[in-house]
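Listed here are the chains, written in short residue letters.
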2 protein chains.
Amino acid sequence: MPQFRPVDEQLAYIKKGAAEIIRVDELRDKLKRSLDSGKPLRVKIGLDPTAPDLHLGHTVVLRKLKHFQDMGHTVIFLIGDFTGMIGDPTGRSVTRPPLSREQINQNATTYLAQAHKILDPSRIEIRYNSEWLDKLGSEGWIRLAAKYTVSQMLEREDFHKRFHDEKPIALHELLYPLAQGYDSVALEADVELGGTDQKFNLLVGRELQRAHGQPSQVVLTTPLLEGLDGVQKMSKSLNNAIGILEKPLDMYGKLMSVSDEMMWRYYELLTDLQLSEIEKLRHESHPMEAKKHLARRIVADFHSAEAAKQASEDWARQFQKDETPENVERVVVAYPEVAASGRDGHAVKLDKLLARCGLADSVSDASRKIKQKAVRVDGEVKTELILPVQLPTELLVRVGRNIRKVAIAA
Amino acid sequence: MPQFRPVDEQLAYIKKGAAEIIRVDELRDKLKRSLDSGKPLRVKIGLDPTAPDLHLGHTVVLRKLKHFQDMGHTVIFLIGDFTGMIGDPTGRSVTRPPLSREQINQNATTYLAQAHKILDPSRIEIRYNSEWLDKLGSEGWIRLAAKYTVSQMLEREDFHKRFHDEKPIALHELLYPLAQGYDSVALEADVELGGTDQKFNLLVGRELQRAHGQPSQVVLTTPLLEGLDGVQKMSKSLNNAIGILEKPLDMYGKLMSVSDEMMWRYYELLTDLQLSEIEKLRHESHPMEAKKHLARRIVADFHSAEAAKQASEDWARQFQKDETPENVERVVVAYPEVAASGRDGHAVKLDKLLARCGLADSVSDASRKIKQKAVRVDGEVKTELILPVQLPTELLVRVGRNIRKVAIAA
């Protein structure tokens, strides 16, 4: 029988970094009953077997699951093979091709291997929803569908939008959230976790459990993590992600490049530190030291403490070397407009300059990098487009980890 | 191998009295292929096992099925036991309680026994949709639902209205039309018949057959028959119906009470006469004779030629006796307002008079009967409320089969 911690202690640990908990009082009751009975809570997560390549954004919810494990509860990975095997039968979408049982198993294995970097594999229950959805049968589906109305389903944001934009919604698409909700019934889930974008589907589970005479699961959503730019959701396609399989030095360097503000958010969402510990760090440490600590901690999670130490040393050496003028490439940039520029002195447009000296692919790429606060001139982050200069000049320009000495030729 | 008539002859016979055929050219092609191949068409009708007590309104579609039988085709009675056994799982509606297999069989037997008064029992195929809908299973239902969109389904008039009135539509209700449509796929129906109110559901069958790579069924709708009042749809609850199990004399008398206009409609929808024959009757017969002929014909259909002859004689004797003054009850009605009524003579309100002389239960009942053209004064149908009278007077007032001599006392 597991040793559970006091309810308030569990609750504080679980609440850290959660976007929303529906509802906290129910969660408290469940934790109390679990403590009294010695029975762990059943904490469900739906696994998407089509995207097995994880980045740190995906780990936010996995880490929250780990917190439940840390508190002695049972994590259930629900693999949606029933719908996965059917795929999207409309054939309209290329994003949901039907997968074979083998493909699904393979994707699930890949996913779980990565999830095991965070979670304790011995305390995970893995279930496939074909186990009960296949059995549901014709009558079961009719009865299930009877428990929800068209209007309730069209309240889901994406359905609502498509309906009003007169874009087709096939009837089976309304059945998929029911399937996901029914999974919670079959699993007798106490808690279900998901990103904030999953809220509607998680709530369907609550409704269906109630309709089946079960206590409703608590819904806990985790925020969508911002990427390295600090603005957009972390995503491979936006090129602002840190993959959990990336090399230690790459991972370390990328983490060192985030803003101070993002650093504290990453502390909250990507570590097991309690809020009180994070507050202490924030007040007592220099931001640069705190950032190094974060980067080392995260690299250690996905590689090892040793690898993290090595990465930190390599990064420091490289950074120092990069900043050393004799190692920096010198370029002369033709910028004839500068002669006629300011009234009270000269100025260049920073985006143009970056594009011309090869630190950005184009002016618009340069402009994006400036907005992302990724550009430093003579050690200072620059966010304005107009850069006053004295002629003749030589600037030390840094974009991410690329650095140039830039001489401007009028 | 059945002997089929030429396509145009079949088509003319089938078209008579149909409200709509979608589409006539497809029906022509199907008839042609059937003629060429010697293969009868498969003509489907969905049977509602909850309302087994038939009146003439229900026979319109049955008679149209008979016309297909007359032309050598196969009639399929589809008994919706799958949905009938589930009933309405929301529990919201009392109109669709779940029925046991025994109740459904019993209702279907009662229904078919009545349908056999019109159709040839040896050329009816009886099928239960649980045969394939049970088998469809979880995956089958998802695939079926994928073939229709939410918007298409909400185009159905009653769904559309409920959706816009914000009255709940449970998701399973959207699945029922799919089930009905899939029946056509399973049966490989060539034609499906139904009332005009069934048009949407019948069209779903067309769509689903197409989606399953089958030729689409032709949809043939039959009009909703007006009742004895000539205005509202025939319905037991509106008290304007003729049940097919009613006694010969009752049936005969009710048929004799319809207006001349309705008589021709009944000829079209309730007999096997061809349009050309009906036109001939209309031009060559006295309406009263034509009506007697219709009444006798219909009574003969549901009873026997002998019973019809007997009913016609009994009715004539009773009618004559009713119209004989010495057999009519005389009442004196106090109507003091009449003294002060018209400027150019006297007048009474006919509805008041009917209520006071006992030929109507109330003034509003009387007014309804006048609107239904059921009131005759001195042999003439009266539709206006104001009845000019000369005092002293005695009127022969007839409401349906009740008759009084009415003296007015000022």
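All figures in this text were calculated on a predicted structure; none of them were measured in a lab.

Okay, the overall build of chain A next. Along chain A, the regular secondary structure elements total 17 helices and 13 strands. Split into buried and exposed, the 410 residues of chain A put 49% on the buried side. For chain A, long-range pairs separated by at least 24 residues make up 69% of all intrachain contacts whose partners lie at least 6 apart in sequence. Total accessible area computed for chain A in this model is approximately 19,800 Å², and 48% of it derives from carbon and sulfur atoms. In chain A, 59 side chains carry a positive charge and 59 a negative one; their mean positions are 1 Å apart.

To continue, consider the interface of chain B and chain A. Across the contact, 32 residues belong to chain B and 32 residues belong to chain A. At the boundary of chain B with chain A, total buried surface from both sides reaches about 2,700 Å², with 77% on carbon and sulfur atoms. Between chain B and chain A we count zero salt bridges in total. Remark: the boundary between chain B and chain A carries 16 residue pairs in polar contact (both at pLDDT 80 or more). Taken together, the elements giving at least two residues each to the side of chain B that touches chain A come down to helix H4 (81-86), helix H6 (130-145), helix H7 (150-154) and helix H9 (171-187) of chain B. Among the elements that take part in the side of chain B that touches chain A, H6(B) stands out by supplying 10 residues, more than any other. Grouping the constituent residues of the side of chain B that touches chain A by class yields 22 nonpolar, six polar and four charged.

With that settled, the discussion passes to the pairing of strand E5 (residues 191-195) of chain B. Residues and elements named next belong to chain B. Burial within E5 is extensive, with five of its five residues counted as buried. Looking at chain direction, strand E2 (residues 42-47) and E5 are connected through three bridges and run parallel. Paired with lysine 44 across the bridge in E5 is glutamate 192. Taken together, the five bridges between E5 and strand E6 (residues 218-222) define a ladder with parallel strand orientation. From the neighbouring strand, glutamate 192 faces E6, where its bridge partner is valine 219.

Glancing now at the relation of the copies chain B and chain A. One copy of the chain maps onto the second through a rotation about an axis and a displacement along it. In screw terms, the move from chain B to chain A is a rotation of 180° and a rise of 0.1 Å along the axis, fitting with an RMSD of 0.3 Å. Put plainly, the chains are arranged around a two-fold axis. Within chain B, the C-alpha atom positioned nearest to the axis of rotation is that of B:Gly137, 2.3 Å from it.

Right, let's get into the environment of B:Thr149. All names here are of chain B. Within the fold, threonine 149 resides in the loop between H6 and H7. Judged by its relative accessible area of 11%, threonine 149 falls in the buried class. In this structure the C-alpha to C-alpha distance between threonine 149 and leucine 174, which are 25 residues apart in sequence, comes to 9.8 Å.

Let us now look at the pattern of salt bridges. Applying the stated criterion across every chain, the model contains 70 salt bridges over all chains. Salt-bridge contacts for A:Asp8 lead to A:Arg28; the nearest nitrogen and oxygen are separated by 2.7 Å. Pair noted here: A:Asp8 is in helix H1 (residues 7-15) and A:Arg28 is in helix H2 (residues 24-37), with a separation of 20 residues, a long-range link. You can call A:Asp8 exposed: its relative accessible area is 52%. Taking the shortest distance from any N to any O, the salt bridge between B:Arg42 and B:Glu125 comes out at 3.2 Å. Remark: B:Glu125 occurs in strand E4 (residues 124-128) and B:Arg42 occurs in strand E2; sequence separation between them is 83 residues. Assessed through its relative accessible area of 23%, B:Arg42 is described here as partly exposed. Here the salt bridges share partners, and the residues they tie into one network are A:Arg63, A:Lys66, A:Asp70, A:Asp272 and A:Asp301.

Rules and cut-offs
Residues numbered from 1 in each chain as written. Chains lettered and ligands numbered in written order. Predicted model: local features only at pLDDT ≥ 70, side-chain atom pairs only at ≥ 80, totals over all residues. Heavy atoms only, no water. Helix = DSSP H or I, 4+ residues; strand = E, 2+ residues; numbered from the N terminus. Buried < 20%, exposed > 50% of the residue type's maximum accessible area, 1.4 Å probe, protein only. Contact = heavy atoms within 4.5 Å. Areas by Shrake-Rupley, 256 points an atom, 1.4 Å probe, with all protein chains shown as cover. Lys, Arg positive; Asp, Glu negative; His and termini not counted. Charge placed at Lys NZ, Arg CZ, Asp CG, Glu CD. Buried area = accessible area lost by both parts, 1.4 Å probe. Salt bridge = Lys/Arg side-chain N within 4 Å of Asp/Glu carboxyl O. Polar contact = N/O pair within 3.5 Å; in protein donor to acceptor, adjacent residues only side chain to side chain. Nonpolar A, V, L, I, M, F, W, Y, C, P; charged D, E, K, R; others polar. Pairing = 2+ DSSP bridges. Least-squares fit on C-alpha atoms with pLDDT ≥ 70 in both.

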